[in-house]
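Each chain, written out:
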Amino acid sequence: MLNTVASIADNFYIGPYNTQIGVDVFSTSVKTSIKLKDYNNRYYLERAIKRIKYQGGLTNTYRGLNHVHYNSFSYRYGHRYNVPRIAIVLTDGKSQHKSKTLNAARSLKNVGVKIFAVGIGSGVDWSEVNGMASTRRKRAVKRGWSARVRNFRKLSKPSFRHQITEVACSVGSVIKQHDRFDGLRVN
């Protein structure tokens, strides 16, 4: 999962005037591993992502979403005024509290954050994943705001990283020029 996050970061220009990436890890509790303002260089950002320690526990997705709402996208963590905010939620199960998760997602979307939700594996509650995603349920899948992945290996497929890159570009992130992404650069 961390290699996937690092490879997604590789598609973007990273810096204080470009794309900023933060990483929060949630399970029973939530921890910010990387704040938006922490890295202005893609190499060091990717290295830091790959060094994040696994945190086992329950799937308290609502705590992760609330943390993102009140902390991760705050100005003290590096949010910039008038810059689109995108949260990518990767989950390998169903949350302990579905209604709290959907309420937290709704609250986050109501303040303008776009949520890309990814369910990994066979034990995922797809109505919950699609309910978290920007544009709800079946429309979320058709518009690319949620994704189903059978296992963690599938996260490394170029088509999956391409889908996330396209979604980020649709709200205004700046990607690097790659042969495979030609024409998707947004300023």
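Attention in this report is confined to the structure presented alongside it. (Residues numbered from 1 in each chain as written. Predicted model: local features only at pLDDT ≥ 70, side-chain atom pairs only at ≥ 80, totals over all residues. Heavy atoms only, no water.)

1. A closer look at the overall build of the protein
This is how it is decided: Counting from the N terminus, the helices are DSSP H or I runs at least four residues long and the strands are E runs at least two residues long. Classification of residues uses two cut-offs on accessible area relative to the type maximum, computed with a 1.4 Å probe and protein chains only: under 20% is buried, over 50% is exposed, and between them is partly exposed. When checking whether two residues touch, look at their non-hydrogen atoms; a contact exists if any pair is within 4.5 Å.
Scanning the protein from terminus to terminus reveals 7 helices and 5 strands. Taken from N to C terminus, the helices and strands of the protein fall in the order α-β-β-α-α-β-α-β-α-α-β-α. By residue count, 46% of the 187 residues in the protein fall in the buried class. In the protein, 68% of the contacts between residues at least 6 apart in sequence involve partners at least 24 apart.

2. Overview of the packing of helix H1 (residues 2–9) against helix H2 (residues 42–50)
Formally: Geometry is summarised by axes, namely lines fitted to C-alpha atoms with helices restricted to the contacting stretch, and by angles between N-to-C directions that run from 0 to 180 degrees. Angle categories are assigned with fixed cut-offs, so that under 35 degrees is roughly parallel, over 145 is roughly antiparallel, 65 to 115 is roughly perpendicular, and the rest are oblique. When the near helix sits turned anticlockwise from the far one by under a right angle, the crossing is termed left-handed; a clockwise turn instead gives a right-handed crossing. Residue polarity is assigned by list, with Asp, Glu, Lys and Arg as charged and Ala, Val, Leu, Ile, Met, Phe, Trp, Tyr, Cys and Pro as nonpolar; anything else, Gly included, falls into the polar class.
Contact geometry of H1 with H2 gives a least axis separation of 8 Å together with a crossing angle of 170°. Between H1 and H2, the crossing angle belongs to the class labelled roughly antiparallel. For the pair H1 and H2, the sense of crossing is right-handed. Residues Leu2, Asn3, Val5, Ala6 and Ala9 of H1 pack against Arg42, Leu45, Glu46, Ile49 and Lys50 of H2. Split by residue class, the contact of H1 with H2 holds 6 nonpolar, 1 polar and 3 charged.

3. What about unusual backbone geometry?
The phi dihedral of Asn82 falls on the positive side, at around 65°, and the residue is not glycine. Tracing the backbone shows Asn82 in the loop between helix H3 (61–72) and strand S3 (85–91).

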